[in-house]
Amino acid sequence: MLDTLKGQALIVGINAYSGGVKSLQSAVADARAIAGCLRDEQGYETRLLTDAEATVPSILEAIEVDFLQRLDDKSAFLLYFAGHGVALGDGSEGPQGYLLAADARLGDQESWLPMNRLRKALEMLPCRHVLVVLDCCFAGSFRWASTRDVMLSGRPLYDSQY
């Protein structure tokens, strides 16, 4: 008998930012479309956080408390984030990536969600499969959030390739 995975998803879409961060036009619509597709076509249980409800504390509470309790080793979890992303620095360990939740303040790094914090929260989930879709600028810096050693090609990445 095959195990069936129970799909759970946290879908975040932010158009309206407080704190001086520029608004977006389509993040909420994209998030709603993804949530509907996962729910209606794939049978996922979805939790949708949009605009003012998509704060750093609410995103972390959803992952670190709600989903941590609801998921098990037969679960699949999908995180979709549509909003702003930022990467700072470019040292030997790569840039530090951040997601800007609705409560992010322009120029206040302490109000941003570090991708390494997000990754640690996701690693605590007891599920079999995790898929993270970051629909934001600098989503590629999520790979640097890992504490594992990774062998990279060492070639420069040009704008045309990015």
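A brief look at the structure comes next. Since the model is a prediction, treat every value here as computed from it, not as a measurement.

A closer look at the overall build of the protein chain
Step number 1: Within the protein chain, the regular secondary structure consists of three helices and seven strands.
Step number 2: Starting at the N terminus and ending at the C terminus, the protein chain contains elements arranged as β-α-β-α-β-β-β-β-α-β.
Step number 3: In the protein chain, which comprises 162 residues, the share counted as buried stands at 41%.
Step number 4: The long-range share in the protein chain, meaning contacts at least 24 apart out of those at least 6 apart in sequence, stands at 70%.
Step number 5: Just so you have it, the protein chain exposes about 9600 Å², and 51% of that area is on carbon and sulfur atoms.

Concerning the packing of aromatic side chains
Step number 1: Within the structure shown, the criterion is met by two aromatic pairs.
Step number 2: A ring pair is formed by Tyr98 and Trp112, whose centres lie 5.5 Å apart and whose planes are at 70°; its orientation type is edge-to-face. Separated by 14 residues along the polypeptide, Tyr98 in strand E5 (residues 94-100) and Trp112 in the loop between E5 and strand E6 (113-114) bring together distant segments of the chain. Summarising the burial analysis for this pair, Tyr98 and Trp112 share the class buried.

Focus: unusual backbone geometry
Step number 1: With phi around 40°, Asp51 is a residue other than glycine that occupies positive phi space.
Step number 2: One can find Asp51 in the loop between strand E2 (45-50) and helix H2 (56-70).
Step number 3: For Asp51, a relative accessible area of 22% translates into the label partly exposed.

Here we look at the nonpolar core
Soluble globular proteins: nonpolar side chains tend toward being buried together.
Step number 1: Ranked by internal contacts, the top residues of the largest apolar core, which has 34 residues, are Leu10, Val12, Ile59, Ile63, Phe77, Leu99 and Leu125.
Step number 2: Taken together, the elements giving at least two residues each to this core come down to strand E1 (6-13), H2, strand E3 (75-82), E5 and helix H3 (115-123).
Step number 3: For this core, the element with the most residues is H2, which contributes six residues.
Step number 4: Formed by 11 residues, the second largest nonpolar core is a distinct cluster that contains Ala9, Ile11, Ala35 and Ala76.

What to know about the sheet that holds strand E7 (residues 129-135)
Step number 1: Taken in spatial order, the four strands make up an open sheet running E2-E1-E3-E7, and their pairing is parallel. Of all the strands in the sheet, just E2 and E7 have a single pairing partner and so form its edges. Across this sheet, the average inter-strand angle for adjacent strands is 10°, counted without regard to direction.
Step number 2: Pairing of E1 with E3, which is carried by eight bridges, proceeds in the parallel orientation. By the bridge assignment for E3, Leu10 is matched with Leu79.
Step number 3: Where helix H1 (residues 27-42) meets the sheet, it contacts E1, E2, E3 and E7, and its direction lies at approximately 170° from that of E1.
Step number 4: Here H2 sits on the sheet in contact with E1, E2 and E3, set at roughly 175° to E1.

Topic: H1
Step number 1: Taking 1.5 Å of rise per residue, 16 residues should cover 22 Å, and H1 covers 21 Å from first to last C-alpha, within 8% of that figure.
Step number 2: Among the residues of H1, those classed as buried are Ala27, Val28, Ala31, Ala35, Gly36 and Leu38. Take H1 and look down its axis: the buried residues cluster within an arc of 165°, on one side only. Facing away from the buried side of H1, by more than 90 degrees, are the exposed residues Asp40 and Glu41.
Step number 3: Of the surrounding secondary structure, the elements contacted by the buried residues of H1 are E1, E2 and E3.
Step number 4: Gly43, located one to two residues past H1, shows a positive phi value of around 75°.

Calculation rules
Residues numbered from 1 in each chain as written. Predicted model: local features only at pLDDT ≥ 70, side-chain atom pairs only at ≥ 80, totals over all residues. Heavy atoms only, no water. Helix = DSSP H or I, 4+ residues; strand = E, 2+ residues; numbered from the N terminus. Buried < 20%, exposed > 50% of the residue type's maximum accessible area, 1.4 Å probe, protein only. Contact = heavy atoms within 4.5 Å. Areas by Shrake-Rupley, 256 points an atom, 1.4 Å probe, with all protein chains shown as cover. Phe/Tyr/Trp six-rings, centres within 6.5 Å; stacked < 30°, edge-to-face > 60°. Core = buried A, V, L, I, M, F, W, Y, C linked by side-chain atoms within 4.5 Å. Pairing = 2+ DSSP bridges. Axes fitted to C-alpha atoms, helices over the stretch in contact; angles between N-to-C directions. Expected span 1.5 Å × (residues − 1). Arc of directions from axis to C-beta.

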